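Understanding the architecture of this molecule
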Amino acid sequence: MNCRKKIILGSASPRRKELLKQLGWEFEVIPSDCEEHITEKRPSRIVSELSAQKAENVWEKLSDEEQENCLVLGADTIVVQDQLILGKPGTKERAVKMLKILSGKAHQVFTGVTLIWMERGERKTQTFYDMTEVKVAPMTSAEIQDYVEKGTCLDKAGAYGIQNEFAAYVTEICGDYSNVVGLPVAALYANMKRCGLIEMAASQTAVSSSGGRFKGAIFDLDGTLADTLESIAYCGNYAMRSCRLPEIPLEKYRYFVGNGADTLIKRCLIYSGDEDLKFYEKAYAKYQIIFKEERLFNVTVYPGMMETLQEMRASGLKLAVLSNKPHERTLDVVYSLFGRDLFDTVLGQRQEIAKKPNPQGVQEILDGWEMDAKDILYVGDTATDMITGNAAGATTVGVLWGFRDRAELEKHRAQKIIERPEELLELL
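The shown structure was predicted, so the numbers you read here are calculated from the model rather than taken from an experiment.

For Thr 345, the position within the fold is in strand 14 (residues 345–349). Judged by relative accessible area, which is 17%, Thr 345 ranks as buried. Considering only alpha carbons, one finds Thr 345 and Ile 218, 127 residues apart in sequence, at a separation of 8.9 Å. The contact partners of Thr 345, leaving out residues within four places of it in the chain, are Leu 319, Ala 320, Val 321, Ile 365 and Trp 369. Within the structure, Thr 345 has its side chain in polar contact with the side chain of Trp 369 (distance 3.2 Å).

Pasting the structure below:
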């Protein structure tokens, strides 16, 4: 997966540069030096307006030839606490004040992104934003002062960097982790693909660069390794009942899963009539409690899956599970169904790693295995999985025994589609 044009990043932020590097995209930095003008009042519109100003400023610096061959990316991030906008503190005194405001509360991080490029002689512009909610543990004055003294927060919106020592104070994230870092990678990828700015490498055959077969495989959990739909629906409906909302039919959960428990509960609430998500915190807490107890309710391993995995393991392949379930729950389910020795790596959602479709989890597994993405299969049943695997550069395998259908897998560029687990052995 590559960008069709050379990317010009209108920001010198190390955080944004690192996120683009994780995607494997080549880029050049031309920092914007425009004077920012804010005319909007809503946070989403403020970051959209500022990102557009930055992108425009950089675009005007390019020659006609550069404009024809480049994609300019401008971004801006702000932190919002109870409608109070917190930008970069600049001084230690302001940083301390900001952190005292954030301490013990939930706040929102907004990032606006603007893309400008030429398409067949016509200039194109796309602006979008993403929002992530972050909960911060209560911090003592000493903890705040100690963090500020490290000097890593003065150039960061809200006076903190979630990727550094401040991670110790983040208790919950609802949304895309990379958005808090400074660039919503999943939203960026989706918008670039929608605009035709993404080109996929030619479909790989089932032959790796090391002697004729793949070296490993990474599996999604729900709908790929195991049928967990009844368990998820049971816990989701328990959460709805706790809020005196109507239960949801089992089949609806097929389309609610795949992006983590927080997104699942939001989808359930909206479907049940709580469009303003007034019951979100209560429902999410209830779901976590009941899921811890009933995570294996009517859960079954798909027929042929265990035997296929054992044969793959016996042939020397590395095996991993990557799930958007909370990490501890992922470990519980996988170890209960498959034991502790079948998979080399099992990863669920943790606050320091972005959820799928961000490929960060895949890269963590590959780094541990010392492998390249081209040497593995990425196996899943939803659009989220295909986007994740393709973004990482792996060979994506869509499965038809899971929660979604062929049309969704084909739409999101599954490189292989199979109907039975045993077909994985044929690919090898």
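Next comes the rest of the write-up.
Scanning all chains against the criterion turns up 4 cavities of 30 Å³ or more. The computed volume of the largest cavity comes to approximately 220 Å³. What lines the largest cavity is a set of 22 residues, among which Asp 222, Val 257, Gly 258, Gly 260 and Lys 325 lie closest to the centre. Element by element, the count of residues in the lining of the largest cavity is highest for strand 13 (residues 318–326), at 4 residues. In terms of residue class, the lining of the largest cavity is built from 9 nonpolar, 7 polar and 6 charged.

Taken as a whole and judged by the stated rule, the model has 29 salt bridges. Between Glu 56 and Arg 123 there is a salt bridge, with the nearest N and O atoms lying 2.6 Å from each other. Highlighted residues: Glu 56 in helix 2 (residues 43–59) and Arg 123 in strand 7 (residues 122–136), separated in sequence by 67 residues. A relative accessible area of 27% means that Glu 56 is categorised as partly exposed. The class of Arg 123 is partly exposed, set by a relative accessible area of 35%. The shortest N-O distance in the salt bridge between Glu 408 and Arg 404 comes to 2.9 Å. As far as the burial class goes, Glu 408 and Arg 404 line up, both buried. One network of salt bridges, with partners in common, ties together Arg 4, Glu 119 and Arg 120.

The subject of this paragraph is the side chain of Thr 77. Topologically, Thr 77 is positioned in strand 4 (residues 70–81). Side chain to side chain, Thr 77 and Arg 16 meet in a polar contact 3.1 Å long. Within the local environment of Thr 77, its side chain forms a polar contact with the side chain of Thr 111, the two groups lying 2.9 Å apart. Each residue touching Thr 77, except ones within four places of it in the same chain, is listed here: Arg 16, Val 47, Val 109, Phe 110, Thr 111, Ala 157 and Gly 182.

As a further point, take the pairing of strand 10 (residues 216–219). The two faces of strand 10 match: Gly 216 and Ile 218 on one face and Ala 217 and Phe 219 on the other face are all buried. Direction of pairing for strand 10 relative to strand 13: parallel, over a ladder of 4 bridges. Among the inter-strand pairings, Phe 219 is bridged to a residue of strand 13, identified as Val 321. Two elements, strand 10 and strand 15 (residues 376–380), share 4 bridges in a ladder whose sense is parallel. Bridge assignment links Ile 218 to a residue of strand 15, and that residue is Tyr 378.

Thresholds, definitions, all that
Residues numbered from 1 in each chain as written. Predicted model: local features only at pLDDT ≥ 70, side-chain atom pairs only at ≥ 80, totals over all residues. Heavy atoms only, no water. Helix = DSSP H or I, 4+ residues; strand = E, 2+ residues; numbered from the N terminus. Buried < 20%, exposed > 50% of the residue type's maximum accessible area, 1.4 Å probe, protein only. Contact = heavy atoms within 4.5 Å. Polar contact = N/O pair within 3.5 Å; in protein donor to acceptor, adjacent residues only side chain to side chain. 1 Å grid on protein atoms, 1.4 Å probe; cavity = no way out; pocket = protein on both sides within 12 Å on 5 of 7 lines; lining within 4 Å. Points joined across faces, edges and corners; volume = space filled by probe spheres on them. Nonpolar A, V, L, I, M, F, W, Y, C, P; charged D, E, K, R; others polar. Salt bridge = Lys/Arg side-chain N within 4 Å of Asp/Glu carboxyl O. Pairing = 2+ DSSP bridges.

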